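# Report on the structure
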Amino acid sequence: MDDEIILLAHGSGSRLSHELIEKNFLPPLANPLLAKLDDSAVFDLSGRLAFTTDSYVVSPIFFPGGDIGKLAVCGTINDIAMSGATPLYLSLSFIIEEGLTLGELKKIVSSIKAAAEEAGVKIVTGDTKVVNRGGADKLFINTSGIGIVPQGIDISGANAKVGDKIILSGTIGDHGIAVMSQREGLKFSVPVQSDCAPLNKLVSQMAEDSSQIHSLRDPTRGGLATTLNEFAKQSKVGIRIEEGKIPIHDGVRAACELLGFDPLYVANEGKLVAIVTADDAQMVLAKMKRNQYGAEAAIIGEVTDEYKGKVIMKTRLGASRIVDMLSGELLPRIC
Amino acid sequence: MKFIDEYRDVELGKKLVARIEQLSKRPARLMEFCGGHTVAIMRNGIRQLLPPTVEMLSGPGCPVCVTANADIDKAIALARLPDVIITTFGDMMKVPGSYSSLQKVRAEEADIRIVYSTQDALQIARDNPTRSVIFIGIGFETTSPTIAASIFQAENEGIRNFYVLCLLKLCPPIMKAILDLGELKLDGIVCPGHVSAIIGSRHYEFIPRDYGVACVVSGFEPLDILQSVAMLVEQIESGKPRVEIAYRRGVKPEGNITALKLMDSVFEVSGADWRGIGVVPASGLKLRKEYGRFDAELAFSVTLEPVREAKGCICGDILRGVKTPNECKLFRKACFPEQPVGPCMVSSEGACAAYYQYEIV
Ligand code: SF4
C-alpha cells in the first residue's frame, strides 16, 4: 500500500483526489475546522494579527533530523513567532510530483502532525496539486500562517538600540550541514542533525517577564551573518560579536572545514537571535536556557554606535574583521 | 574538538603572535601562495596580529583566478555547441571571460551544470549517453588526481561521451616563474597545504637553494598559519632558508605516491597560460596521447574572438603579488562579488573577494 505512487489522477479532483485527502490528510491532521472541507476555514479572531507565507522546496525531502513537512510547519510558525505573535492557524498546500510514494507522503504528513501538535497550532485549510514528472522536485509545500500579537508587544528588526545585547538561542549551521550531507552523500565522523524546530513556546517564555525584547529573527537561509546584517541595516546601528562566544557543534565545524564554508552563513531552522536591552539580557537568557530549544543559548555580542549598518566580529585570536552579507550561493571549495 | 580545536586554541595563538614579535628583527616579506590561505588570513584577521616587520603578500594560488581569459572564452564557446553539457565547479560560473560568462550563456541557451566532484560529472555522462559531457578541469595538483581518476574510470566503463577541458596547473613552476620575474624580493613563502599533501615538500627545495627564499608548508587553520609564519621568521632571522613542514598532519616530504602515479599515468607536463603572467613553460598538465580521446580541445573545434581583458582590472598584478585589491580603482566602486569585473572578485578563494568580505573599511 505504502509503495503505491501518486498519479496525476490524484490531483484531478476525481474520486482518487478525495480518497487521498480523506485517507491521508484528514485523519492525522483532524480538527473541526479542517474536517468541514469547505472552501475556506471560517473562525473568529480579534486583535493585532500576524500573517505570513512561505514555500518549501528543500531537496532531499528527507534529511537527518526532519523532512519537508516538519520544515514547512516549523518555518512558518517561526516566522510568526519572530514578530512576537502566538501562531494559531496554518494552511498547507502540496504540489506533488507524480511518482512520490504514498509511504513518503504519509511520513511527511505524520511529521507535520507532530510539529503542529508540539507548537499547538492547527492546520485549518489546504490544497493538493499533482504535477507531471519533472514539474516539481518530488514535493513542494506552501504554508501560510496566522497568529495574534499580544498587547504591548513591539518587535521589529528596526528596533535595535545602542547598548542592547545580542542573544543567540544555540548552535549554528546544523540544518544547512544536515541537508548538505544528505544531498552530497557526505559522511562526517560526527553526524549532524537538522535543528528544525518550532520556536513559538520559547519566544512566549522569553516575552513572559520582559517587555524589552527589541528584535527577534530566525537566521534561516543566509545564516547568522545575514540576520545580523539585516538588523544592523534596518536599525542603523553597528553590531559587534565575538567569534569565541558563538556555539557551534563539532560536526558542523568539521564539515565546514572540509567544504570550505563559514558556519556564519550556513542555514538554521530552529534558532533565533534576540536583541534585548542590557538590563533584561541576563534574565531573558536564563529563561531561554530552561527551554529545550534554548539550552545552549549565549550572549554573543552587542549593539554599538560604531560602524553603523555593519557587523564586526572579534576573532578568537583577538583581531577584528567584517562579517558581510552572503553574496551569491554557498559553494564548496575547489582546492 | 580533536584536530580542529588544537589549531584554534586562543592561548597558543597569542603565544605564537608574541613569539613572532620577539623573533622578527629585520623586515620579512612573505607570500602566501594559496588562495585558501589568503581567505584564512583575512577571515581571522591574521595580518592585524603580525608585527610591522612582517609583510604578507597574496600569491596566485586560486585556480579560478589564474585561469586565463582565453581559456574561459574556450569553455564558453564549448558550452554553446549543440548537444554539449558543460559540468563545472560553481566558482567558474560568474567569472567574466572576454565577452560573456558561463552564467550568462547558461541563462541564454547552454546546458551548464554545477558539480561538486568529477564523479557527478561522470554520472551526468552516464545519464545522457546521446550528449557530450565536458568537465572544465581547473585546479592545481590537489584536483588533478581526481580528474585523472575520472578519466580512468570513464575508460574502464567505456563511457564514450565524457571529456575534460584540461586547464590544470602546477605550483612549483609558477613559484619559480614569480621568483624569476624578480618583482617582489620575497624572503619567505607560505607553501600550499593541500597541494603539498599530493606533491610533498621536496619539490620546493630549489627555492631556498637557488633563490635563498625560506619555505614552510602550512595548513589552513589560523594557528597553522601563525606557526608557519613563526617558522619562516625564524629561518629568515637565522639566515638559513630551507623547506620545512608545519602541516605535518597532512603532508609527508615524499607526498602521496599513489596520487602522483595516477596523475602521471594520465597527464604529462605542458605549458600553461596564467592570468597576469602569460604562458609559462612546463607549468601545466595535459592529457597523454593514450587518453587523447577524452581531451575536449582535440574532440571539438571552436572559433574564438580575440581575447580582451576587462578595462581597469588589475587581477594580473594582484596574482603576481605586486598590488593589493585596495590599489585597484574599481575595487568596491565598480567591482563587487555580485558584479565582478575580474575573477579575483568572484572566486571564493580570490584575493579581491577575501579583502572585500573581511576587511574593515
Ligand atoms: S577589484 Fe575587481 S577589477 Fe579590481 S582587480 Fe579585483 S577583480 Fe579585478
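Model, not experiment: these values are computed from the prediction. (Residues numbered from 1 in each chain as written. Chains lettered and ligands numbered in written order. Predicted model: local features only at pLDDT ≥ 70, side-chain atom pairs only at ≥ 80, totals over all residues. Heavy atoms only, no water.)

Another point: the site of the ligand. Close to the ligand lie B:Cys313, B:Ile314, B:Cys315, B:Ile318, B:Cys328, B:Leu330, B:Phe331, B:Cys335, B:Val341, B:Gly342, B:Met345 and B:Cys352, which account for all nearby residues. A per-class count over the shell around the ligand returns eleven nonpolar, one polar and no charged. (Near = heavy atom within 4 Å. Nonpolar A, V, L, I, M, F, W, Y, C, P; charged D, E, K, R; others polar.)

What follows covers the environment of A:Ala9. All names here are of chain A. Take Ala9: it is sitting in the segment before helix 1 (15-29). When the C-alpha positions of Ala9 and Ala297 are compared, they lie 48 Å apart, and in sequence the two are 288 residues distant. Once you skip the residues sitting within four places of it in the chain, Ala9 turns out to touch Ser14, Leu16 and Ser17. (Helix = DSSP H or I, 4+ residues; strand = E, 2+ residues; numbered from the N terminus. Contact = heavy atoms within 4.5 Å.)

At the interface, 39 residues of chain B touch 30 residues of chain A. Note on chain B versus chain A: buried area summed over both sides is about 3100 Å², and carbon and sulfur give 60% of it. Across the chain B-chain A interface, the total number found is one salt bridge. A salt bridge links B:Arg43 to A:Asp262; the shortest N-O distance between them is 3.9 Å. Where chain B meets chain A, there are five residue pairs in polar contact (both at pLDDT 80 or more). Mapped onto the side of chain B that touches chain A, the elements with two or more residues apiece are helix 1 (10-23), helix 2 (35-43), helix 3 (46-49), helix 4 (63-66), helix 12 (222-238) and helix 16 (351-358) of chain B. (Buried area = accessible area lost by both parts, 1.4 Å probe. Salt bridge = Lys/Arg side-chain N within 4 Å of Asp/Glu carboxyl O. Polar contact = N/O pair within 3.5 Å; in protein donor to acceptor, adjacent residues only side chain to side chain.)

All names here are of chain A. With their axes 9 Å apart at the nearest point, helix 1 and helix 4 (residues 102-119) run at an angle of 25 degrees to one another. As the angle between them shows, helix 1 and helix 4 are arranged roughly parallel. For helix 1 against helix 4, the interelement crossing comes out right-handed. Residue-level inspection shows Leu20, Asn24, Phe25, Pro28 and Leu29 of helix 1 in contact with helix 4, the latter providing Leu102, Leu105, Lys106, Val109, Ile112 and Lys113. (Axes fitted to C-alpha atoms, helices over the stretch in contact; angles between N-to-C directions. Parallel < 35°, antiparallel > 145°, perpendicular 65-115°, else oblique. Left-handed = near helix turned anticlockwise from the far one by under 90°.)

Residues and elements named next belong to chain B. The five strands are arranged 2-1-7-8-9 in an open sheet whose pairing can be described as parallel. Looking along the sheet, the strands with just one partner apiece sit at the ends: strand 2 (54-61) and strand 9 (243-245). Direction aside, neighbouring strands of the sheet carry axes that sit 20 degrees apart on average. Bridge count for strand 1 (residues 28-34) against strand 7 (residues 188-191) is three bridges, and the pairing is parallel. Of the residues in strand 7, the one forming a bridge with Glu32 is Val190. With respect to the sheet, helix 2 is in contact with strand 1, strand 2 and strand 7, its orientation differing from that of strand 1 by roughly 115 degrees. (Pairing = 2+ DSSP bridges.)

With that settled, the discussion passes to the pattern of salt bridges. Counted according to the given criterion, the structure contains 36 salt bridges over all chains. The salt bridge involving A:Glu117 is made with A:Lys113; its shortest N-O contact spans 3.3 Å. Separated by four residues within a single helix, A:Glu117 and A:Lys113 lie in helix 4, roughly one turn from each other. Taking the relative accessible area as the measure of exposure, A:Lys113 reaches 31% and is therefore partly exposed. Among the salt bridges present, the one from B:Glu109 reaches B:Arg80, with a minimum N-O distance of 3.1 Å. Of this pair, B:Glu109 sits in the loop between helix 6 (102-108) and strand 4 (111-114) while B:Arg80 sits in helix 5 (residues 69-80), and the two are 29 residues apart along the sequence. (Buried < 20%, exposed > 50% of the residue type's maximum accessible area, 1.4 Å probe, protein only.)

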